[in-house]
Amino acid sequence: MSVRYNVREAEAKWQKIWADRESFKATEDKSRPKYYVMSMFPYPSGRIHMGHVRNYTLSDVVARYKRAQGFNVLHPMGWDAFGLPAENAARDRKIHPAKWTHDNIKNMRAELVRMGLAIDWSREFATCDPSYYKHQQKLFLDFLKGGLAYRKESWVNWDPVDHTVLANEQVIEGRGWRSGAVVEKRKLSQWFFKITAYADALLDALATLDRWPDKVRLMQENWIGKSAGAKLTFKLTGRPDGVEIFTTRPDTLFGASFIALSPNHPLALELAKSDTRLAGFIAECNRAGTSEAAIETAEKLGYDTGLKAEHIFKTGAPLPVYVANFVLMEYGTGAIFGCPAHDQRDLDFARKYKLPVIPVVLPPDGDAKTFAVGDEAYTGPGTIYNSGFLDGLSVEEAKKRAIAEIEKLKSGKGTVLFRLRDWGISRQRYWGCPIPVIHCEKCGVVPVPEKDLPVELPDDVTFDKPGNPLENHPTWKNVNCPACGKTARRETDTCDTFVDSSWYFARYCSARNEQKPVERPQVDYWLPVDQYVGGVEHAILHLLYARFFTRGMKASGWLGIDEPFTGLFTQGMVTHESYKDEQGQWLYPEEIRKNPDGSAVHIETGRPITLGRSETMSKSKKNVVDPGKIIESYGADTARLFMLSDSPPERDLEWTDAGVDGAWRYINRLWNMVATVLPQFKNTNSDLGEVAATRRKQIHRTIAQVTENVERFHFNKAVANIRELTNGLEDLHAEEPGSALVLREGLETISKLIGPMLPHIAQEMWETLGHKTMLVDEVWPKADAALLIDDTAVLAVQVNGKLRATVTLPRGVAAKEAEQAALADANVQRAIDGKNVRKIIVVPDKIINIVAA
């Protein structure tokens, strides 16, 4: 008779015991190897979602497993708590952002505790706490002093809905990453971090991050974008100045047919002062999308300035100068020369404005007399032609020769450029870390004295006006200059929230130190993070910024490392079917009922609904499942098991009711084996019967398999290994000699193996098996090497080169016995069919070849 597992009682009991015992509190211990594992911390939106459940389950498995392996484990948690959603909530709900944020943290912390995570909660912090951002302000002042922070006027991406500046990385297909509004260009004085100072170092170090996904390293490499080429100046006819250009293709200069300036190039802006049509064109460009993707797909538009540029290599061949919407001010010099034959954007532009298209790279199979470019630019390899002194050279040879000539003419020089731009951190909003500087008319920019940190946000702000509440506050920004004492003004911009998450991993190491951002003994012990778990969507933004910040903190004396994360794992998304009613409105899963034939209807109306494809869970499409309801109904272990067992963790996982039910049934199977089946096994004979001996070998094979799969993040395979062992143990019979001992050993082993994955049922099983210790303090099981050796081997039997059968024989069996076993097989006898056996070749423990004629 089975006994149902009381999931609510068991999980609440063990969570309380872990908390009371401070089971997961970490301290520095040099007698043990350290292991620092963490997941990307959440934004406190109010409720955890299934992505959180998957993310934190993965890091929790690693933390518990490494602890069992003897490591001193740090597994912390905090809250990425600044940001616009809190301000939006303040406007919409008439509530202060701080209250909204801290209420959400309280709710989400309780939900995470119910997941049974092995977290050191004593190190918890929220980035919106003054006790955190005080130290961030100190780091800003260190960066300012060290030349890594500076202020300049620049063109920025402006979100007209959120009324704030966005970094290039926060502009997605020309729209703000949060608001979705079309981003505009504006010129503002902004604060920057000099990430470009480490461009080479950030790029070169990617090769050392061998425990990062290749795709993430490639994304960062492309974003940093190191390009070798030439910087050259085209003289302008009738003017004393020229246009400076960076190009990676100096080999195509003879194919140039125009010069194009960014709408915000200084020369374009100068010309626009006396040309209203040009001014209007520039304004239109600044209202369009700003991302490379948006520019790539937009129609290529230009404005002929009337200026002419002298060709570098060809006399008497002036090039028209345009202002063009596809030239980015952020890359290179904000100006290009157009070679339409060998660049698609240039070709589209040239066709529109009827400019020459001069091919100068001849494809390997091309004919110089007939080759022409149609609607598609030729960007492949080839031989240079139509290019004077470069004719006959390969592309790479021509690049070198062209640069040499440019330098000889004193028109420019070979150089290396990076796509990476300095990180603009100024944000025109309230709910962020205040930038700790003061603006004085006499003294200029004055750092806030360290004794006055933190510069705290005022509580009495209002959100009834557009723009930055700090700018609109009547008194907060008005202060005396620390240098001269005269009336001055606080900086009202706050930090980009990605600054908050660029060093939080270091703060965890000494989270309660009130005087310093970090303590060197603690960070030297714990850092770098050994295993970081999070979404691939942060491959550029967060991860690149954290790598920069680590170097900045090292330059300031706070850290002794360059790279913050030696290991990175990016988990897949959690997906679910989507549903729409007859009016095309999205429906929640709980609003529909599935029919046996696979169709579905709306529960309330009974009307048919449309089943959509499985997509990433999102509130907008309502295809979300509330983790709280799942944990309430089935328990945290069920949710954890489903997250681990149904798909490789790096791939997307489709959430299904059937999968959850299956996980719940398996947990009850385990519990039934411990609570009901094991007590029925009375035979404690130590001499093992055949089945018991086989199952004992399976136990130790499973230990080896699970250990290897957990080490390799193959958690779904590890779960499959444990399920297979469970099935095998169910083959044992109570009356068989040694069965009780083997069943107990198997269940104890399963308890330890699933401990990192399903900690509550594992501990409950461990206690029920009679153990007084805490499973979290037990060591990881080790496989007996002797039991990993198979006593038998499966040999393939071939007749005249064709596989006819397999036979299972004792390892090392004599060749004569192997021959007899093979000839006795019915399939082999049919294959021989009365023929004479002329020769039998036996390869020990592998194959038997029979030659018959």
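Another aspect to go through is the overall build of the protein. Of the regular secondary structure elements, the protein holds 26 helices and 35 strands. For the protein, buried positions account for 54% of its 853 residues. Sequence-distant contacts in the protein: of pairs separated by 6 or more residues, those separated by 24 or more amount to 71%. With an accessible surface of roughly 38,000 Å², the protein has 50% of that area assigned to carbon and sulfur atoms. Averaging the coordinates of the 110 positive side-chain charges in the protein and doing the same for the 111 negative ones gives two points 2 Å apart.

Below, the discussion takes up empty space enclosed by the protein. This structure, assessed with the given rule, holds three cavities of 30 Å³ or more. Lining the largest cavity are 15 residues, with Arg64, Gly755, Pro756, Leu775 and Val776 positioned closest to its centre. Sorting the residues of the lining of the largest cavity by element identifies helix 2 (50-68) and helix 24 (759-768) as the ones contributing at least two each. Ranked by the residues each element gives to the lining of the largest cavity, the list is headed by helix 2, at three residues. Classifying every residue of the lining of the largest cavity gives nine nonpolar, two polar and four charged. Quantified by volume, the second largest cavity comes out at close to 60 Å³. Along the walls of the second largest cavity sit Phe24, Ala63, Arg64, Arg67, Val73, His75 and Ala118, which together make up its complete lining. Of all the elements, helix 2 adds the most residues to the lining of the second largest cavity, at three residues.

The antiparallel open sheet is built from three strands, whose spatial order is 9-8-16. At either margin of the open sheet sits one strand with a lone partner, and together these are strand 9 (242-247) and strand 16 (412-418). Taking each pair of neighbouring strands and ignoring which way they run, the sheet shows an average axis angle of 30°. Sitting on the sheet, helix 12 (residues 395-408) touches strand 8 (226-235) and strand 16, and the angle it makes with strand 16 is about 125°.

With that settled, the discussion passes to the packing of helix 1 (residues 7-21) against helix 24. As a packed pair, helix 1 and helix 24 sit with axes 9 Å apart at the nearest point and diverge in direction by 90°. Between helix 1 and helix 24, the crossing angle belongs to the class labelled roughly perpendicular. The residues of helix 24 that touch helix 1, namely those facing Ala10, Glu11, Lys13, Trp14, Gln15 and Trp18, are Pro759, His760, Gln763, Glu764 and Glu767. Classifying every residue of the contact of helix 1 with helix 24 by side-chain character gives four nonpolar, three polar and four charged.

Going from Leu453 to Pro454, the amide bond is cis rather than trans, its omega being 5°. Within the secondary structure, Pro454 is located in the loop between strand 20 (444-447) and helix 13 (469-472). Of the consecutive residues Leu527 and Pro528, the connecting peptide bond is found in the cis state with omega at 5°. Topologically, Pro528 is positioned in the loop between helix 16 (520-526) and strand 24 (531-535).

Attention now moves to the packing of aromatic side chains. Applying the stated criterion across every chain, the model contains 48 aromatic pairs. Their ring planes at 70° and their centres at 6.0 Å tell us that Phe498 and Tyr545 sit as a pair that is edge-to-face. Placement of the pair is Phe498 in helix 14 (residues 497-500) and Tyr545 in helix 17 (residues 541-555), with a sequence separation of 47 residues. Note on Phe498: relative accessible area 6%, which makes it buried. By relative accessible area, Tyr545 is classed as buried at 1%. With a centroid separation of 5.0 Å and 45° between ring planes, the pair formed by Phe713 and Phe715 is classed as tilted. Grouping residues by exposure puts Phe713 and Phe715 together as buried. Through a chain of ring-to-ring contacts, the aromatic side chains of Phe140, Phe143, Trp191, Phe193, Tyr198, Trp423, Phe498, Tyr545, Phe548 and Phe549 assemble into a single cluster. In this arrangement the basic side chain of Lys152 is found over the ring face of Phe192, its NZ or CZ atom lying 5.0 Å from the centre. Above the plane of the ring of Tyr666 lies Arg723, whose end atom (NZ or CZ) is 4.5 Å from the centre.

Let us look at the pattern of salt bridges. All told, the structure shown has 50 salt bridges when counted by the stated rule. Between Arg401 and Glu405 there is a salt bridge, and its shortest N-O distance comes to 3.3 Å. Of this pair, Arg401 and Glu405 both sit in helix 12, four residues apart, which is roughly one turn of that helix. Judged by relative accessible area, which is 35%, Arg401 ranks as partly exposed.

Right, let's talk about the sheet that holds strand 12 (residues 319-324) for a bit. Ordered by their spatial adjacency, four strands build an open sheet running 11-12-10-13, and the pairing between neighbours is mixed. Among the strands making up the open sheet, the edge pair consists of strand 11 (302-309) and strand 13 (335-338). For this sheet, the mean inter-axis angle between neighbouring strands, taken without regard to orientation, is 30°. In terms of strand pairing, strand 11 meets strand 12 through five bridges, oriented antiparallel.

Over its twelve residues, helix 9 (residues 276-287) extends 17 Å from the first C-alpha to the last, a length consistent with the 16 Å expected when each residue adds 1.5 Å. Buried within helix 9 are the following residues: Leu278, Phe281, Ile282, Cys285 and Asn286. The buried residues of helix 9 occupy an angular sector of 135° when projected down its axis, which confines them to one face. Residues of helix 9 that are exposed and point over 90 degrees away from its buried face: Thr276 and Arg277. Considering only its buried residues, helix 9 is in contact with strand 3 (149-159), strand 7 (184-193), helix 8 (266-272), strand 11 and strand 12. Measuring from the side-chain oxygen of the N-cap residue of helix 9 to the backbone nitrogen of Arg277 gives 3.1 Å; that N-cap residue is Asp275.

Another point: the environment of Ala12. With respect to the helices, strands and loops of the structure, Ala12 is situated in helix 1. Along the sequence, Ala12 and His760 sit 748 residues apart, while their C-alpha atoms lie 8.9 Å from each other.

Here the focus is the side chain of Thr497. Examined against the element boundaries, Thr497 turns out to sit in helix 14. According to the relative accessible area criterion, Thr497 is buried, its value standing at 7%. The contacts of Thr497, once residues within four sequence positions are left out, are Asp80, Phe82, Gly83 and Arg429.

Moving on to the side chain of Asn513. If you trace the backbone, Asn513 turns up in the loop between helix 15 (504-507) and helix 16. Classification of Asn513 as buried rests on a relative accessible area of 16%. A polar contact is formed between the side chain of Asn513 and the side chain of Glu519, at a distance of 2.7 Å. Non-local contacts of Asn513, meaning those with residues more than four positions away in its chain, are made with His135, Arg507 and Glu519.

The next thing to look at is helix 19 (residues 636-645). Counting buried positions over the ten residues of helix 19 gives nine, a clear majority of the element. Considered for burial, the residues of helix 19 that qualify are Ala636, Asp637, Thr638, Ala639, Arg640, Leu641, Phe642, Met643 and Leu644.

Here Arg287 lies in helix 9. The sequence separation of Arg287 and Glu615 amounts to 328 residues, and the corresponding C-alpha distance is 32 Å. When residues no more than four places from it in sequence are discounted, the contact partners of Arg287 are Val182, Val183 and Glu184.

Okay, the packing of helix 20 (residues 657-677) against helix 23 (residues 739-754) next. Relative orientation and spacing of two packed helices are given, respectively, by the angle between their axes and the distance between those axes. Between helix 20 and helix 23, whose axes approach to 11 Å, the crossing angle comes to 145°. Relative to helix 23, helix 20 is oriented so that their crossing is left-handed. Facing Leu670, Met673, Val674 and Val677 of helix 20, the residues of helix 23 in contact are Leu743, Leu747, Ile750 and Ile754. Residues that form the contact of helix 20 with helix 23 fall into these classes: eight nonpolar, no polar and no charged.

Scanning the model with the defined rule gives zero disulfides in all. Lacking any disulfide linkage, Cys128 is separated from the closest cysteine sulfur, that of Cys433, by 11 Å. No disulfide involves Cys484; its nearest neighbouring cysteine sulfur is the one of Cys440, lying 3.6 Å away. Residue classification places Cys484 among the partly exposed positions, given a relative accessible area of 27%.

Cut-offs and rules
- Residues numbered from 1 in each chain as written.
- Predicted model: local features only at pLDDT ≥ 70, side-chain atom pairs only at ≥ 80, totals over all residues.
- Heavy atoms only, no water.
- Helix = DSSP H or I, 4+ residues; strand = E, 2+ residues; numbered from the N terminus.
- Buried < 20%, exposed > 50% of the residue type's maximum accessible area, 1.4 Å probe, protein only.
- Contact = heavy atoms within 4.5 Å.
- Areas by Shrake-Rupley, 256 points an atom, 1.4 Å probe, with all protein chains shown as cover.
- Lys, Arg positive; Asp, Glu negative; His and termini not counted.
- Charge placed at Lys NZ, Arg CZ, Asp CG, Glu CD.
- 1 Å grid on protein atoms, 1.4 Å probe; cavity = no way out; pocket = protein on both sides within 12 Å on 5 of 7 lines; lining within 4 Å.
- Points joined across faces, edges and corners; volume = space filled by probe spheres on them.
- Nonpolar A, V, L, I, M, F, W, Y, C, P; charged D, E, K, R; others polar.
- Pairing = 2+ DSSP bridges.
- Axes fitted to C-alpha atoms, helices over the stretch in contact; angles between N-to-C directions.
- Parallel < 35°, antiparallel > 145°, perpendicular 65-115°, else oblique.
- Phe/Tyr/Trp six-rings, centres within 6.5 Å; stacked < 30°, edge-to-face > 60°.
- Lys NZ or Arg CZ within 6 Å of the ring centre and 35° of its normal.
- Salt bridge = Lys/Arg side-chain N within 4 Å of Asp/Glu carboxyl O.
- Expected span 1.5 Å × (residues − 1).
- Arc of directions from axis to C-beta.
- Polar contact = N/O pair within 3.5 Å; in protein donor to acceptor, adjacent residues only side chain to side chain.
- Left-handed = near helix turned anticlockwise from the far one by under 90°.
- Disulfide = S-S within 2.5 Å.

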